[in-house]
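Residues per chain are reported as follows:
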Amino acid sequence: MSEEVKKFKVTIDGQTTEVLPGTSILEAARQIGGKSVPPAMCYYSKLESSGGRCRTCLVEVSKGSEADPRPMPKLVASCRTSVMDGMEVKDLTSEKAQEGRKAVTEFLLINHPLDCPICDQAGECHLQDLGYEHGNPETRYEFDRRTFDADDIGPYIKLNMNRCILCARCVLLANQLTEKREHGILYRGDHAEISTMLNKALDNDFIGNVIDVCPVGALTDRTARFASRVWFTKPYNATCSCTKCSGKAVLWMKGDEVIRVTARKNQYDEVEDWICNECRFEKKNPALWNIEGPRHIDRHSVISLNHYEKNTDSYNVLDNPDAKEIGVADEQQIKKLDNEII
Ligand code: SF4
Ligand code: FES
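Notes on the structure in this doc start here. (Residues numbered from 1 in each chain as written. Chains lettered and ligands numbered in written order. Predicted model: local features only at pLDDT ≥ 70, side-chain atom pairs only at ≥ 80, totals over all residues.)

### Here we look at the overall build of the protein chain
In step 1: Looking only at helices and strands, one finds seven helices and 14 strands in the protein chain.
In step 2: Buried positions account for 39% of the 342 residues belonging to the protein chain. (Helix = DSSP H or I, 4+ residues; strand = E, 2+ residues; numbered from the N terminus. Buried ≥ 20, exposed ≤ 12 C-beta atoms within 10 Å, placed from the backbone.)

### Focus on the environment of Asp-120
In step 1: Position of Asp-120 relative to the elements: it lies in the loop between α2 (95-108) and α3 (126-134).
In step 2: Between the alpha carbons of Asp-120 and Arg-225 there is a distance of 6.4 Å; along the sequence they are 105 residues apart.
In step 3: Contacts of Asp-120, omitting those with residues within four sequence positions, involve Gly-217, Thr-220, Arg-225 and Phe-226. (Contact = placed C-beta atoms within 7 Å.)

### Points about the nonpolar core
In step 1: Residues Val-10, Ile-157, Ile-165, Cys-170, Val-210, Cys-214 and Leu-219 are the most contacted members of the largest nonpolar core, which totals 56 residues.
In step 2: Here this core spans two domains, since at least three of its residues come from each of domain 1 (8-106) and domain 2 (112-139 + 146-223).
In step 3: Setting aside chain neighbours within four positions, we find Leu-219 in contact with Ile-157, Leu-159, Cys-170, Val-210, Ile-211 and Cys-214.
In step 4: If you look at the next biggest cluster of nonpolar residues, it comprises 17 residues, including Leu-251, Met-253, Val-258 and Ile-291. (Core = buried A, V, L, I, M, F, W, Y, C linked by C-beta atoms within 7 Å. Domains from an automatic or database assignment.)

### Here's the deal with the pairing of strand β14 (residues 290-294)
In step 1: Across the five residues that make up β14, a large majority, four, are buried.
In step 2: Inspection of the sheet shows strand β11 (residues 234-239) paired to β14 by four bridges, in the antiparallel sense. Bridging from a neighbouring strand, Asn-237 pairs with Gly-293 of β14. (Pairing = 2+ DSSP bridges.)

### Comments concerning the sheet that holds strand β10 (residues 219-221)
In step 1: Within the open sheet, the three strands sit side by side as β6-β7-β10. Their pairing is antiparallel. Each end of this open sheet is capped by a strand with a single partner; those strands are β6 (151-152) and β10.
In step 2: Pairing analysis gives three bridges linking strand β7 (residues 157-159) to β10, with the strands arranged antiparallel. Within β10, the position partnered with Leu-159 by the bridge is Leu-219.

### Description of the site of ligand 1
In step 1: Around ligand 1 sit 14 residues, and of these Cys-164, Cys-167, Cys-170, Cys-214 and Ala-218 come closest.
In step 2: Its residues assigned to classes, the shell around ligand 1 comprises 13 nonpolar, no polar and one charged. (Near = placed C-beta within 6 Å. Nonpolar A, V, L, I, M, F, W, Y, C, P; charged D, E, K, R; others polar.)

### Examining the pairing of strand β13 (residues 257-263)
Within a regular strand, the side chains alternate between the two sheet faces.
In step 1: In terms of residue burial, β13 counts as a mostly covered element, since five of its seven residues are buried.
In step 2: Pairing between strand β12 (residues 248-254) and β13: six bridges, direction antiparallel. Note on β13: the bridge partner recorded for Ala-249 is Ala-263.
In step 3: Between the antiparallel neighbours β12 and β13 lie two residues, among them Gly-255 with a positive phi of about 60°.

Just geometry here; none of it tells us what the structure is for.
If you want it as structure tokens, here you go:
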């Protein structure tokens, strides 16, 4: 008979939940949800061994456990610290944790240019959100910033290394999803940078997903660069029949034009299903997609500020048998959806 695993009780900002042993504080906070979930710039639940690199998820552990109630002496990275039974954690309620996050934000911005007005990631950038919430109005840094020229790494992806925060998500993704990783973090310390060896191109079938996991604008879609600010486009859930991936994507549209295609992401901005390069970069014709209806964007950032949708039920074009065929997303259908969106 299998023994039931005893769950651990953890309290975060006064809210208690029970989780399996081995769960990180960050995942426990996500289980509770709401504003006490620490931000995460490098942790990505779908990427093995991610986390522990950016320190934006710092929290204060005010009680270690029921067995040893002493507080932890320093702030800890919540993505890499496992809960103990009876643990008490402070995030929003901790001045120390908020100060720590402010310091980390300042550190991350030492070399990061404030080029949000021209950066394609603006409006959905985690560093922009952090800077807005915790950033200092002035820099205290006296040295020159590291600068790099923008680089085309393959036919579809642009690397702006000066925006990179070295979270390593793109490297872990390539390890996990592609047969042969062609890029990585070269050099060490202040010289560390993302690069391909000998200027190789990234052209694996699923490599476009690095764009979706990059928390800043260091990796952007060359087929959509400077095409539109993200808040002027409207996201639609769409599907297509694809032999390589699930074919479930989000089309970011302006009128009846597909500006870019991305994977679908959850409220923590993590991809639900990886999509292939063909769906992401090659299928810019709406007729190749079956458009289900407006995508609900469930995260606090500029992209979620507009009202993109009314009542999603009324957009379920899949109820229409004709809509199950690829190619139904004709101009008329898009105009109809467009008119109904606020
Ligand atoms: S390019 Fe983006 S995903 Fe890759 S390490 Fe830099 S910030 Fe992270
Ligand atoms: S998200 Fe925890 S250290 Fe980066």
